[in-house]
Amino acid sequence: MMNDTPEMVKKVFAIFVVGILIVGFFMAFTQMPKANAVNVNNTVSRFYVMKDVDQATEMLDKGTYFNKDMVPLRNDVPYTPITFGKSANLEDGAANVVTSIVVDYRGFDTLGEVTVLFLAASGVMLVLHGQKRKIPKKRTEPSEIMYVGTRIAFAVILLFGIYVFIHGHLTPGGGFPGGAIIASGILGLFLGKQGYSPNKSGLTIFESLSGMAYVVIGIIGLIGEKSFLANFLPTGTIGDLFSAGFIALIYIAIGMKVGSELSAVTNAMIIDTEDD
Amino acid sequence: MITLFSTLLVILIIAGGFVAIFSKKLLSSVISMGLVSLGVSGLFFFLQAPDVAITEAAIGAGLSTAIFIIAIKKVQKGGTSDDE
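Being a predicted model, the structure only gives us computed values, none of them experimental.

## A look at the overall build of chain A
Of regular secondary structure, chain A possesses nine helices and zero strands. Along chain A, helices and strands appear, N-terminal first, in the series α-α-α-α-α-α-α-α-α. A sequence separation of at least 24 residues applies to 75% of the contacts in chain A between residues at least 6 apart.

Okay, here's the thing in structure tokens:
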């Protein structure tokens, strides 16, 4: 079909493409329009503007937060210290600041991150899918101790992974490390028994459902709070397990998704390796 | 104390990196890369970034090392003939 097009058309098309590329290249040198200057002092906390932890701590200790020498920030909002276990109904309510930014304020970013991981896993599965497993004859079976030991260790590792992603808003961790911990537990199961194979369709269904749950939570926010992935649950007391709204829900979804995805990738790699 | 630990970790990371580059065996390269990840994860922990430290320990030192080893096994099997 392409061979039938005359040479002239091809040349014109090539010149057109090259022209667009050249224009795009020189557009990089044009001057960017100047943005309006924003006075940061009026929008963010003074602790952020200061960027000096020692000075901030000193000011908090001495109680000189509202010093007369400094211009007060946000006169309408009085400074109230946040106490662990006492402060309630905060804006976000997560004890772990990193989580509150990653899941709450930048929730859409995290959805993109999950999508990137999903695409990477899809690529691996696309390349390695469809290999048939043959149990090799020469290999020696792992011993009974290995078999029982990996199974017991898997239970503990699974529990720890679930702990990491359920407590994502309280302690360091979250959905991605929790899922990776669960996947490394499943890797241990592969080592324990020759020819071990997890329930593949179960992994797929689990992964799809948890990925859908993330988007559904976002759409509930869109309906309830007029913004995609908005926090629609009460934030509760800081430091409680049931606090920080929907962060725990989203991290449960992410943890299950990442765990099943990485397990499926490991499964595909190992099955392909053992195939002769 | 933290300075001492951090210095030791940095030395471990640099040594692991050199082993990973100059080792003749691919397997020891991969293992020392896992060691580098472990050191980096400890360093993250000392630098007040426990979230990244947990992720680095789980993915860098755990899963990616295992997947590299599986890949090396697969490549070596394809490179040589049917002999194991």
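## Comments concerning the nonpolar core
One finds Ala180(A), Ile247(A), Ile250(A), Tyr251(A) and Ile254(A) to be the most contacted residues of the largest nonpolar core, which totals 43 residues. Elements with a contribution of two residues or more to this core: helix 4 (97-105), helix 5 (107-128), helix 6 (144-166), helix 7 (175-192), helix 8 (200-225) and helix 9 (247-274) of chain A together with helix 3 (50-79) of chain B. Broken down by element, this core gets its largest block of residues, 15 residues, from helix 9 of chain A.

## Here we look at the confidence of the model for chain A
With 76% of its residues at a pLDDT of 70 or more, chain A has an overall mean of 79. Looking over chain A, one finds the lowest element-wise mean pLDDT in helix 2 (residues 46-50) of chain A, namely 58, and the highest in helix 1 (residues 7-27) of chain A, namely 90.

## A closer look at the environment of Thr83(A)
Residues and elements named next belong to chain A. For Thr83, the position within the fold is in the loop between helix 3 (53-62) and helix 4. A residue is classified by how many C-beta atoms lie within 10 Å of it, and Thr83, with 11 of them, is exposed. When the C-alpha atoms of Thr83 and Gly221 are compared, they prove to be 28 Å apart, with 138 residues separating the residues in sequence.

About the thresholds
Residue numbers run consecutively from 1 along every chain, following the written order of its sequence. Ligands are numbered from 1 and chains lettered from A, in the order in which they are written. pLDDT decides what is reported in this predicted model: residues at 70 or higher carry local features, side-chain atom pairs at 80 or more are listed and counted, and totals for whole chains, interfaces and linings draw on all residues regardless. Secondary structure is summarised from DSSP: a helix means a run of H or I of at least four residues, a strand means a run of E of at least two, and numbering begins at the N terminus for each. Placing a C-beta atom from the backbone of each residue, one calls two residues in contact when those atoms lie within 7 Å. To count as a nonpolar core, a set of buried Ala, Val, Leu, Ile, Met, Phe, Trp, Tyr and Cys residues must be joined through C-beta atoms within 7 Å. Three classes are used. A residue is buried when 20 or more other C-beta atoms lie within 10 Å of its own, exposed when 12 or fewer do, and partly exposed in between, with C-beta atoms placed from the backbone. Predictor confidence is given residue by residue as pLDDT, running from a minimum of 0 to a maximum of 100.

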